[in-house]
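# Descriptive analysis of the structure
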Amino acid sequence: MAVDGVRLEQRHGKARVRVGRVWREPCGRHHFVEWNVSISLLSDCLPAYTDGNNSDIVATDTMKNTVYVKAKECNQPLSSEEFAIVLGKHFTSFYQQVTAAIINIIEKPWERICIDGQPHEHGFKLGSEKHTTEVIVKKSGALQIVSGIEGLAVLKTTQSGFEGFIRDKYTILPETRERMLATEVTAFWRYPFETLASIPAKELYFTEKYMDVKKVLIETFFGPIKGGVYSPSVQSTLYYMAKAVLARVPDVSSVKLKMPNLHFLPVNLSSKDNPVIVKFEDDVYLPTDEPHGSIEATLSRIHSKM
Ligand SMILES: O=c1[nH]c(=O)c2[nH]c(=O)[nH]c2[nH]1
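By convention here, each chain's residues receive numbers from 1 onward along its written sequence. In keeping with the model being predicted, local features are shown solely for residues with a pLDDT of at least 70 and side-chain atom pairs are shown and tallied solely at 80 or more, while totals for entire chains, interfaces and linings include all residues. Side-chain numbers come from the whole structure's heavy atoms, not from hydrogens or water.

Test applied: UniProt positions are given in the numbering used here, feature names are shortened, and annotations may be inferred rather than shown by experiment.
Looking at an unreviewed UniProt entry, one finds the chain named Uricase and attributed to Sesamum indicum. According to the UniProt record, the Function (unreviewed entry) comment for the chain is "Catalyzes the oxidation of uric acid to 5-hydroxyisourate, which is further processed to form (S)-allantoin." UniProt annotates the chain under Sequence similarities (unreviewed entry) with the comment "Belongs to the uricase family."

## Points about the packing of helix α2 (residues 60–73) against helix α3 (residues 80–94)
Going by this rule: Fitted lines through C-alpha atoms give the axes, limited to the stretch in contact for helices. The angle between two N-to-C directions lies from 0 to 180 degrees. Here a helix means four or more residues in a row that DSSP labels H or I, a strand means two or more in a row labelled E, and each is numbered from the N terminus. By the definition adopted for this analysis, an angle is roughly parallel if under 35 degrees, roughly antiparallel if over 145, roughly perpendicular if from 65 to 115, and oblique otherwise. Crossings are classed by handedness, with left-handed meaning an anticlockwise turn of the near helix from the far one by less than a right angle and right-handed meaning a clockwise turn. Here, two residues are considered to be in contact whenever any of their heavy atoms come within 4.5 Å of each other. Charged residues are taken to be Asp, Glu, Lys and Arg, nonpolar residues to be Ala, Val, Leu, Ile, Met, Phe, Trp, Tyr, Cys and Pro, and polar residues to be all remaining types, Gly included.
As a packed pair, α2 and α3 sit with axes 11 Å apart at the nearest point and diverge in direction by 125°. One finds that α2 runs oblique with respect to α3. Here the hand of the crossing between α2 and α3 comes out right-handed. Contacts between α2 and α3 involve Met63, Thr66, Val67, Lys70 and Ala71 from the first element and Phe83, Val86, Leu87, His90 and Phe91 from the second. Residue composition of the contact of α2 with α3, by class: seven nonpolar, two polar and one charged.

## A look at unusual backbone geometry
Cis geometry marks the peptide bond from Glu290 to Pro291; its omega dihedral reads -5°. Relative to the elements of secondary structure, Pro291 occurs in the loop between β13 (285–287) and β14 (293–300). Unlike most non-glycine residues, Arg16 shows phi in positive territory, near 60°. A positive phi angle is found at Asp282, which is not glycine, with a value near 55°.

## Quick word on helix α5 (residues 234–248)
Spelled out, the test is: Working rule for helices: expected span equals 1.5 Å times residues minus one. Burial classes follow relative accessibility: with a 1.4 Å probe on protein chains only, a residue under 20% of its type's maximum area counts as buried, one over 50% as exposed, and anything between as partly exposed.
Along its 15 residues, α5 runs 21 Å from first to last C-alpha, staying within 8% of the 21 Å computed at 1.5 Å per residue. Looking at α5, one finds that the buried residues are Val234, Ser236, Thr237, Leu238, Met241, Ala242, Ala244, Val245 and Leu246. On its buried face, α5 is in contact with β10 (181–190), α4 (205–222), β11 (254–261) and β14.

## Regarding the UniProt feature "binding site: urate" (unreviewed entry) in the chain
Here, the residues flagged by UniProt with the feature "binding site: urate" (unreviewed entry) are Thr60, Asp61, Phe162, Arg179, Val234, Gln235 and Asn261. Across 202 residues, the annotated set is spatially dispersed, with a maximum C-alpha separation of 51.9 Å. Mapping Thr60 onto the fold places it in helix α2. Residue contacts for Thr60: discarding those within four places in its chain leaves His12, Gly13 and Lys14.

## Considerations on the pairing of β10
Put simply, the test is: A pair of strands counts as paired when DSSP detects no fewer than two bridges linking them.
With eight of its 10 residues buried, β10 lies for the most part within the structure. Sheet topology places strand β9 (residues 143–156) next to β10; nine bridges connect them, and they run antiparallel. Note that in β10 the partner of Leu152 across the bridge is Val185. As paired elements, β10 and β11 share five bridges and run antiparallel to each other. Paired with Arg190 across the strands is Ser254, a residue of β11.

## Let's talk about the pairing of strand β3 (residues 12–24)
Pairing analysis gives 11 bridges linking β3 to strand β4 (residues 30–43), with the strands arranged antiparallel. Opposite Arg21, over in β4, you have Val33 as the bridge partner. What sits between β3 and β4 in their antiparallel hairpin is a turn of five residues, with Gly28 showing a positive phi close to 105°.

## What about the domain arrangement of the chain?
The line we're drawing: Segmentation into domains, and thus their bounds, comes from an automatic or database assignment. Here's the idea: put two parts together, see how much 1.4 Å probe accessible area each one loses, and the total over both is what we call buried area.
What the domain assignment lists for the chain is domain 1 (1–141) and domain 2 (150–306). Here the C-alpha centre of domain 2 lies 30 Å away from the C-alpha centre of domain 1. In this complex, domain 1 contributes 13 residues to the contact, which on the side of domain 2 involves 12 residues. Of the roughly 1,300 Å² buried between domain 1 and domain 2 on both sides combined, carbon and sulfur atoms contribute 59%.

Written out as structure tokens, the structure is:
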């Protein structure tokens, strides 16, 4: 938007609104989620920037309150994607000024606890990787849904190598067919649904897809229980993981993976008096998290956007 001879692009919202929600079934079984919600609204409120006139501003405090009101109103367990859609629909329909809402949610991985193999009615423990979502809802009802995983830490102690790369006067890395492979996967995947009407009606549909994608990523990273699968590079493993998601989860139209290469360095110790204190025999490593390789790629079905 051009104003006073300059271009102004703006949005405003509330970040990191934390909410926990319990749903209690009459049989005594409870469902629980903990969400960290961030809201960003695109709206016609230029006078707030140019003239100090707030008459078209939705207060960010109001946005925060709305999260709790809508959490209360949702009387069935729902996925974070569905809750983001509820919020996006609300902000774009309730306020004439709001043209689009961008809702981000990070879900804490509270998992139902099992005791002697039996699921507990109301006991949960915190897992590791987090389910993320970004939903953009426009006033027209147009929609974009991107889901994700953050912090999926995986490691294999063999079946990984790195050979045949460029060697020049700066290169000292030895080639190897035997190394550790460790990473913390961040994934984003896009669904093809572009309108509110096209979202599947199935209960907890997005939660089920999240579990499917996670399973495919893990299975492809490790390969079969016996023998595994050889990884010639993080790049190759990332590519096969992303391809497997597109092959095995048909509702995903594109997937982006970020896989830092978290190095485990061979330990060799020597001194002037003792040339071999510790000799590395694929056994003792120095774990590092920085610096780390950073490898990322997006795979899309032809004709889909990421
Ligand atoms: O799998 C790898 N990919 C690289 O691009 C790279 N670069 C490097 O130093 N080690 C590795 N490993």
